[in-house]
Amino acid sequence: QVQLVESGGGLVQAGGSLGLSCAASGRTFSRAMGWFRQAPGKEREFVAAISRSGGNTYYADSVKGRFTISRDNAKNTVYLQMNSLKPEDTAVYYCAATQRISGNYYYQPRSYDYWGQGTQVTVSS
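Below is a short write-up of the structure. Predicted, not measured: the structure shown is a model, and the values here were computed from it. (Residues numbered from 1 in each chain as written. Predicted model: local features only at pLDDT ≥ 70, side-chain atom pairs only at ≥ 80, totals over all residues. Heavy atoms only, no water.)

With that settled, the discussion passes to the overall build of the protein chain. Within the protein chain one finds zero helices and eleven strands. When the helices and strands of the protein chain are placed in sequence order, the string is β-β-β-β-β-β-β-β-β-β-β. By the compact-globule yardstick of 14 Å for 125 residues, the protein chain fits well, its C-alpha radius of gyration being 13 Å. Partitioning the contacts of the protein chain with sequence separation of at least 6, the portion at a separation of at least 24 is 58%. Where the 13 positive side-chain charges of the protein chain centre and where its 8 negative ones centre are 6 Å apart. (Helix = DSSP H or I, 4+ residues; strand = E, 2+ residues; numbered from the N terminus. Rg over C-alpha atoms; globule rule 2.2 N^0.38 Å. Contact = heavy atoms within 4.5 Å. Lys, Arg positive; Asp, Glu negative; His and termini not counted. Charge placed at Lys NZ, Arg CZ, Asp CG, Glu CD.)

Given below as structure tokens:
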């Protein structure tokens, strides 16, 4: 069993920055990790993912160049640094863990075994 707890959400003006953290506990942290988001009335969408070692990262086109995913395996924590935020980035952000190894699987929510409870990010215009 893996427990995931997100933190760092909040309200920020457009163009600002925000950093999210996801602390993992439980059986193992040696999993690839992903960040997803869900806005009201929309499906959950992929934001970013990082391999178990942190050597490979993956991003949605909508956030590429603005968001950075990273991890510290010693602290069992994965991060999402969000810069140049836009109102359309407003959503509940979730971190998730997967035992999948191939990056091809990282873009789909169904590939993930464990989910956090989510943290709200609101970007005002």
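Moving on: the sheet that holds strand 1 (residues 2–7). Whether parallel or antiparallel, the strands of a sheet pair through hydrogen bonds between backbone atoms. The strand order across the open sheet formed by four strands is 1-3-8-7, and the pairing between neighbours is antiparallel. The sheet is open, and its two edges are formed by strand 1 and strand 7 (67–72), each paired on a single side. Neighbouring strand axes in the sheet, compared pairwise and without regard to direction, differ in orientation by 15° on average. With six bridges joining them, strand 1 and strand 3 (residues 18–26) adopt antiparallel strand pairing. By the bridge assignment, Leu4 is partnered in strand 3 with Ala24. (Pairing = 2+ DSSP bridges. Axes fitted to C-alpha atoms, helices over the stretch in contact; angles between N-to-C directions.)

On strand 11 (residues 119–124), burial follows the alternation: Thr119, Val121 and Val123 on one face are buried, whereas Gln120, Thr122 and Ser124 on the facing-out side are not. Inspection of the sheet shows strand 2 (residues 10–13) paired to strand 11 by four bridges, in the parallel sense. Bridged to Gly10 within strand 11 is Val121. In this structure, strand 9 (residues 91–98) lies alongside strand 11, joined through three bridges in antiparallel fashion. By the bridge assignment, Val92 is partnered in strand 11 with Gln120. (Buried < 20%, exposed > 50% of the residue type's maximum accessible area, 1.4 Å probe, protein only.)

Attention now moves to the packing of aromatic side chains. In this description, a pair of aromatic rings is defined by centroid distance and the angle of the planes. On inspection of all chains with the given rule, the structure shows eight aromatic pairs. Ring geometry for Phe46 and Tyr107: centres 4.7 Å apart, planes at 55°, overall tilted. Of the two residues, Phe46 sits in strand 5 (residues 45–50) while Tyr107 sits in the loop between strand 9 and strand 10 (114–115), which places them 61 residues apart along the sequence. The exposure class of Tyr107 is partly exposed, given its relative accessible area of 36%. For the ring pair Tyr58 and Tyr107, a centre distance of 6.1 Å and an interplane angle of 85° mean the geometry is edge-to-face. Of this pair, Tyr58 sits in strand 6 (residues 57–59) while Tyr107 sits in the loop between strand 9 and strand 10, placing them 49 residues apart in sequence. Of note, Arg44 hangs over the ring of Tyr94, and the distance from its end group to the ring centre comes to 3.8 Å. A cation sits over an aromatic face here: Arg100 above Tyr105, 4.2 Å from the ring centre. (Phe/Tyr/Trp six-rings, centres within 6.5 Å; stacked < 30°, edge-to-face > 60°. Lys NZ or Arg CZ within 6 Å of the ring centre and 35° of its normal.)

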